[in-house]
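Chain residues, written in single-letter form:
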Amino acid sequence: MSKLTHPKDALFEGEKPFPIIPACEHFAGSDKLITKALELQNKLGGLFDITMDCEDGAQTGKEKEHAEMIVRIQNSELNKHNMSGVRIHDYTNSYWKQDVDIIVPGAGNKIAYITIPKPTKASQVEEMITYIQGAAKKAGITREIPIHVLIETHGALADVEKIAALPWMQVIDFGLMDFISGHHGAIPASCMKSPGQFDHELLRRAKATCVAAALANGVIPAHNVTLDLKNQYQTYKDAKRAHDEFGFLRMWSIYPTQIQAILDAMAPDYSEVQTSAAILVKAQDAEWGPIQHDGDLHDRATYRYFWEVLQKAKLTGIAIPEEAAKRFF
């Protein structure tokens, strides 16, 4: 094996690597807000994803025009990074198939993912994925279109292991507000904000269950929004708790100033980035055999961890030591 074999080739032979995607997903529903989000995404150099919203974004009676608008923007010069997904209507809404029929043939090679909201059981998600796969095949699209699923009902939570194991799955999202509403007053409205959203036992259980199911199936767990739109520090604290206490690796933003707060909270520790870079450079020089670093033994098992740290650092805008950046990026 060559000394310069890249980590993605050396460390995941015959295995599917864990998806490395941005730690922040910003929702935008209207033409104006989507355009502003793309301008910010370009300014920051593609550090966050954008979810173009058909579910809550479309005006009643204008669902077709809304989906067509999304296709137009997906194919525009503004979409430089191809880091924008689309949330379609839910299974019970008759427009979800129309969304797929417009968006997949129109922008199937550009969209970053399709988000499925409000399922009540795994079989609904399976049916929707099968329909998306059929639409892609019919349109001559050969790539897998990553699927994100919102867990925001009792039924979806009960089936979350099955949902996370479905094909094309990339992200399991936790939807707090609908989940609380589904408890008919058993969880107070105050728990839609912190600290209740992290401290109420039913919410702790639901969040931990979603994260465990996602990670066991090689899928990213994503945390719900912070309702306090303009308090960046609150967003940061929420993202930090979601990451450090529950294992969430991604979080939603619904206001532009929330984006940087989420990226900062979810980013790897700077010292860990330095350590990861040093270990991987040594490992590559050793043709990915075992090495010692600061008195500790490292091999392929730890190299995988450190390679993911470096990729996350790249995606959150943290500076990577020059030698590692030159070799790996």
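Our structure is the block above this text.
To keep things clear, this report deals only with the structure shown in the data block. What you see is a predicted model; the values in this text were computed from it and never measured.

Concerning the side chain of Asn-224
At step 1: Assignment of secondary structure puts Asn-224 in the loop between β7 (220-223) and α11 (232-246).
At step 2: Within the structure, Asn-224 has its side chain in polar contact with the side chain of Lys-207 (distance 3.4 Å).
At step 3: A distance of 3.3 Å separates polar atoms of two side chains, one belonging to Asn-224 and the other to His-223.

Side note on the pattern of salt bridges
At step 1: Applying the stated rule across the entire model yields 17 salt bridges.
At step 2: In this structure, the salt-bridge partner of Lys-8 is Asp-9, at a minimum N-O distance of 3.8 Å.
At step 3: Asp-9 gets classed as partly exposed once you look at its relative accessible area, which sits at 43%.
At step 4: Where Glu-68 meets Lys-64, a salt bridge forms, and the shortest distance between an N and an O atom there is 2.8 Å. Placement of the pair is Glu-68 and Lys-64 together in helix α3 (residues 63-74), with a separation of four residues, close to one helical turn.

A word on α3
At step 1: Along its twelve residues, α3 runs 17 Å from first to last C-alpha, staying within 8% of the 16 Å computed at 1.5 Å per residue.
At step 2: Within α3, the full set of buried residues consists of Glu-63, His-66, Ala-67, Met-69, Ile-70, Val-71, Ile-73 and Gln-74.
At step 3: Structurally, α3 contributes buried residues whose contacts are with α2 (31-44), β2 (49-53), β3 (84-87) and α4 (96-107).

Looking at the state of the cysteines
Here, the word disulfide means a covalent bond between the sulfur atoms of two cysteines.
At step 1: The final tally for this structure, using the stated rule, is zero disulfides.
At step 2: This cysteine, Cys-54, is not joined by any disulfide, and Cys-24 carries the nearest cysteine sulfur, 20 Å off.
At step 3: Left unpaired, Cys-191 is separated from the closest cysteine sulfur, that of Cys-210, by 16 Å.
At step 4: Looking at Cys-191, the relative accessible area reads 5%, which means it is buried.

Describing the packing of aromatic side chains
Within a pair of aromatic rings, the relevant descriptors are the distance that separates the centres and the angle that separates the planes.
At step 1: Following the criterion strictly, the structure yields ten aromatic pairs and no others.
At step 2: Residues Trp-96 and Tyr-131 carry aromatic rings whose centres are separated by 5.3 Å and whose planes lie at 75° to one another, so their mutual orientation is edge-to-face. Of this pair, Trp-96 sits in helix α4 while Tyr-131 sits in helix α5 (residues 122-138); the two residues are 35 residues apart in sequence, bridging distant segments of the chain.
At step 3: Taking the centre distance of 5.4 Å and the plane angle of 80° together, the rings of Tyr-305 and Phe-306 count as edge-to-face.
At step 4: Among the aromatic side chains, those forming a connected cluster through ring pairs are Tyr-91, Trp-96 and Tyr-131.

Things to note about the environment of Arg-143
At step 1: Along the chain, Arg-143 falls in the loop between α5 and β5 (147-151).
At step 2: A relative accessible area of 25% places Arg-143 in the partly exposed class.
At step 3: With 35 residues separating them along the chain, Arg-143 and Gly-108 place their C-alpha atoms 8.6 Å apart.
At step 4: Excluding residues that lie within four positions of it along the chain, Arg-143 makes contacts with Gly-108, Asn-109, Lys-110, Ile-111, Ala-112 and Trp-168.
At step 5: Here Ile-111 takes part through its backbone oxygen, which lies 2.9 Å from a polar atom of the side chain of Arg-143.

With respect to unusual backbone geometry
At step 1: For the bond from Ser-194 to Pro-195, the omega torsion is 5°, close enough to zero to count as cis.
At step 2: In this model, Trp-168 sits at a positive phi of 70°, which is unusual for a non-glycine residue.
At step 3: Within the fold, Trp-168 resides in the loop between α7 (160-164) and β6 (169-174).

Criteria and thresholds
Residues numbered from 1 in each chain as written. Predicted model: local features only at pLDDT ≥ 70, side-chain atom pairs only at ≥ 80, totals over all residues. Heavy atoms only, no water. Helix = DSSP H or I, 4+ residues; strand = E, 2+ residues; numbered from the N terminus. Polar contact = N/O pair within 3.5 Å; in protein donor to acceptor, adjacent residues only side chain to side chain. Salt bridge = Lys/Arg side-chain N within 4 Å of Asp/Glu carboxyl O. Buried < 20%, exposed > 50% of the residue type's maximum accessible area, 1.4 Å probe, protein only. Expected span 1.5 Å × (residues − 1). Contact = heavy atoms within 4.5 Å. Disulfide = S-S within 2.5 Å. Phe/Tyr/Trp six-rings, centres within 6.5 Å; stacked < 30°, edge-to-face > 60°.

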